[in-house]
Amino acid sequence: MVLNYGLAIVGGGPAGIAAAIHASRLGLTTALVEKNELGGQANIAPWIENYPGFPDGIRGKDLISNFKDQLAKWKVKVISAEAVSLNLDENVFVLKTSAGNILALNIIVATGMSPKTIGIKNEIPYADPAKTPHDGKDVLIIGSGDCAFDLAAEFALSAKSVTICMRGEKASAIARVTERAKKRGVRIIKNSDPTKIPYDIFISCIGKNSEVPFVQNIIKNFAGLTISPAEAKAPKGLFFAGDICRRRLRHIAIAAGDGIAAAQSAYERLKKDENNK
């Protein structure tokens with residue numbers, strides 16, 4: 001299968017979805033490639049309080065449901081496949097996927113990052129409470145950031161017990177999030193070895209890894225490439241958006257803004273090329 005698009009987007013998280021919506025609105029023929037569930041990690045966020053437009057906050061899965069509805073409204077072509085490699089044939093990108101090749105004049109890479117793991121048996125990185133049966137179970141979470149404490153507070157609603165094991169002395173999560181977990185009875189252990197704490201369910205929330213195979217392939221194929229939230233200096237027409245280029249600034253609003261900016265830049269690039277013909 002060979003498809004032809006003005007823009008192909010790799011990654012169906014908030015950055016990729018926002019890019020696809022904006023690009024379609026601008027009139028670009030757009031394809032969105034995602035191997036897993038649309039929305040990515042945002043789906044498991046128990047409560048999002050800093051996304052504009054929702055004064056009382058919103059559950060991650062509900063926000064992503066809104067994203068999906070808007071994506072469907074603009075009739076974006078969503079391709080369920082894994083992106084494998086990217087090459088340039090003259091002025092056209094050849095995106096190889098598990099479903100076939102896609103030809104596009106512009107590419108936005110919005111893959112996000114992959115969860116880091118410890119390597120403990122039956123470890124679940126960034127577990128989704130809705131998909132992880134935990135009623136009456138002892139849940140152990142290792143991590144010290146917002147996500148660890150957010151998930152702990154959510155699991156505590158029906159688990160027998162929830163313990164957060166921190167490898168250091170201080171939590172990096174904001175006070176509002178840690179206090180919510182404490183109010184729900186979450187136990188916090190500092191400077192601890194998780195292998196010495198009994199549990200039924202082990203969840204790791206220890207950060208993300210930027211070494212995504214598809215992105216590593218791009219770096220290999222295009223020497224001197226800098227991954228930043230903008231158009232690459234070379235090759236032209238290649239953009240990055242969202243967590244993959246933000247690293248620590250992992251917020252849905254930032255990712256969505258990156259996606260919209262990348263789509264706008266791709267559109268302006270195509271219009272400029274048309275005007276120069």
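The structure displayed is predicted, hence computed values, not measured ones.

Conventions and cut-offs
Residues numbered from 1 in each chain as written. Predicted model: local features only at pLDDT ≥ 70, side-chain atom pairs only at ≥ 80, totals over all residues. Heavy atoms only, no water. Axes fitted to C-alpha atoms, helices over the stretch in contact; angles between N-to-C directions. Helix = DSSP H or I, 4+ residues; strand = E, 2+ residues; numbered from the N terminus. Parallel < 35°, antiparallel > 145°, perpendicular 65-115°, else oblique. Left-handed = near helix turned anticlockwise from the far one by under 90°. Contact = heavy atoms within 4.5 Å. Nonpolar A, V, L, I, M, F, W, Y, C, P; charged D, E, K, R; others polar. Salt bridge = Lys/Arg side-chain N within 4 Å of Asp/Glu carboxyl O. Buried < 20%, exposed > 50% of the residue type's maximum accessible area, 1.4 Å probe, protein only. Arc of directions from axis to C-beta. Pairing = 2+ DSSP bridges. Expected span 1.5 Å × (residues − 1). Phe/Tyr/Trp six-rings, centres within 6.5 Å; stacked < 30°, edge-to-face > 60°. Lys NZ or Arg CZ within 6 Å of the ring centre and 35° of its normal. Patch = residues over 30% accessible without salt bridge, like charges linked within 9 Å, V, L, I, M, F, W, Y side chains within 5 Å. Areas by Shrake-Rupley, 256 points an atom, 1.4 Å probe, with all protein chains shown as cover. Lys, Arg positive; Asp, Glu negative; His and termini not counted. Charge placed at Lys NZ, Arg CZ, Asp CG, Glu CD.

## Concerning the packing of helix α3 (residues 146-155) against helix α4 (residues 175-183)
Right, on to step 1. At a closest axis distance of 8 Å, the pairing of α3 and α4 adopts a crossing angle of 25°. Put simply, α3 runs roughly parallel to α4. Considering only the axes of α3 and α4, their crossing is left-handed. Of α4, the residues touching α3 (which contributes Asp-146, Phe-149, Asp-150 and Ala-153) are Val-177, Thr-178, Arg-180 and Ala-181.
Right, on to step 2. The residue makeup of the contact of α3 with α4, split by class, is four nonpolar, one polar and three charged.

## Some remarks on the pattern of salt bridges
Right, on to step 1. Evaluated as defined, the whole model comprises eleven salt bridges.
Right, on to step 2. The shortest N-O distance in the salt bridge between Lys-190 and Glu-169 comes to 3.9 Å. Of this pair, Lys-190 sits in the loop between β11 (187-189) and β12 (201-204) while Glu-169 sits in the loop between β10 (161-165) and α4, and the two are 21 residues apart along the sequence.
Right, on to step 3. Among the residues examined, Glu-169 registers a relative accessible area of 44% and is labelled partly exposed.
Right, on to step 4. A salt bridge links Glu-231 to Arg-269, with the nearest nitrogen and oxygen atoms 3.7 Å apart. Separated by 38 residues along the polypeptide, Glu-231 in the loop between α5 (213-221) and β14 (238-240) and Arg-269 in helix α7 (residues 252-275) bring together distant segments of the chain.
Right, on to step 5. With a relative accessible area of 27%, Glu-231 lands in the partly exposed category.

## Structural notes on α4
Right, on to step 1. The set of residues buried in α4 consists of Val-177, Thr-178, Arg-180 and Ala-181. Each buried residue of α4 sits inside an arc of 160° when the element is viewed along its axis, so together they form one side. The exposed set on the far side of α4, more than 90 degrees from its buried face, consists of Ala-175, Arg-176 and Lys-183.
Right, on to step 2. Its buried side turned inward, α4 meets α3.

## A look at the sheet that holds strand β8 (residues 123-125)
Right, on to step 1. Pairing is parallel across the open sheet formed by five strands, whose spatial order is β8-β12-β9-β10-β11. Taken across any chain shown, the strands that pair with only one partner, and hence form the sheet edges, are β8 and β11. On average, each strand axis in the sheet is tilted by 25° relative to the strand beside it, whichever way the strands run.
Right, on to step 2. Bridge count for strand β9 (residues 138-142) against β10 is five bridges, and the pairing is parallel. Residue pairing for β10: Asp-138 is matched across the bridge by Ser-161.

## Overview of the environment of Lys-190
Right, on to step 1. Its relative accessible area of 45% is what places Lys-190 among the partly exposed residues.
Right, on to step 2. Placed 20 residues apart in sequence, Lys-190 and Lys-170 show a C-alpha to C-alpha distance of 7.6 Å.
Right, on to step 3. Those residues in contact with Lys-190 that sit more than four places away from it in its chain are Met-166, Gly-168 and Glu-169.

## Some points on helix α1 (residues 14-25)
Right, on to step 1. Counted at 1.5 Å a residue, the expected span for α1 with its twelve residues is 16 Å, and the 16 Å between its end C-alpha atoms agrees.
Right, on to step 2. The buried count for α1 comes to eleven of twelve residues, which makes it a mostly enclosed element.
Right, on to step 3. Of all the positions in α1, only Pro-14, Ala-15, Gly-16, Ile-17, Ala-18, Ala-19, Ala-20, Ile-21, His-22, Ala-23 and Ser-24 are classed as buried.

## Brief notes about the side chain of Thr-97
Right, on to step 1. Take Thr-97: it is sitting in strand β5 (residues 92-97).
Right, on to step 2. Since its relative accessible area comes to 6%, Thr-97 is described here as buried.
Right, on to step 3. Not counting residues within four places of it along the chain, the set of residues in contact with Thr-97 comprises Val-33, Ala-81, Glu-82, Ala-83, Val-84 and Ile-102.

## As for the pairing of β12
Right, on to step 1. Across the two faces of β12 the burial is the same, with Ile-201 and Ile-203 and Phe-202 and Ser-204 all buried.
Right, on to step 2. Relative to β12, β9 is paired through four bridges, and the arrangement is parallel. Its bridge partner being in β12, Leu-140 is matched across the sheet by Phe-202.

## Quick word on the packing of aromatic side chains
Right, on to step 1. Overall, the coordinates contain three aromatic pairs when judged by the stated rule.
Right, on to step 2. Measuring from ring centre to ring centre gives 5.4 Å for Tyr-199 and Phe-202, while their planes differ by 50°; the resulting arrangement is tilted.
Right, on to step 3. Classification of Phe-202 as buried rests on a relative accessible area of 1%.
Right, on to step 4. An aromatic cluster is built from Tyr-51, Phe-54 and Phe-67, whose rings are joined through pairwise contacts.
Right, on to step 5. It is Lys-208 that lies over the ring of Tyr-126; its NZ or CZ is 5.0 Å from the centre.

## A few points about a positive patch on the surface
Right, on to step 1. A cluster of basic side chains, namely Lys-116, Arg-167, Arg-248 and Arg-250, defines a positive patch on the protein surface.
Right, on to step 2. By secondary structure assignment, the location of Arg-167 is in the loop between β10 and α4.
Right, on to step 3. We classify Arg-167 as exposed; its relative accessible area is 57%.

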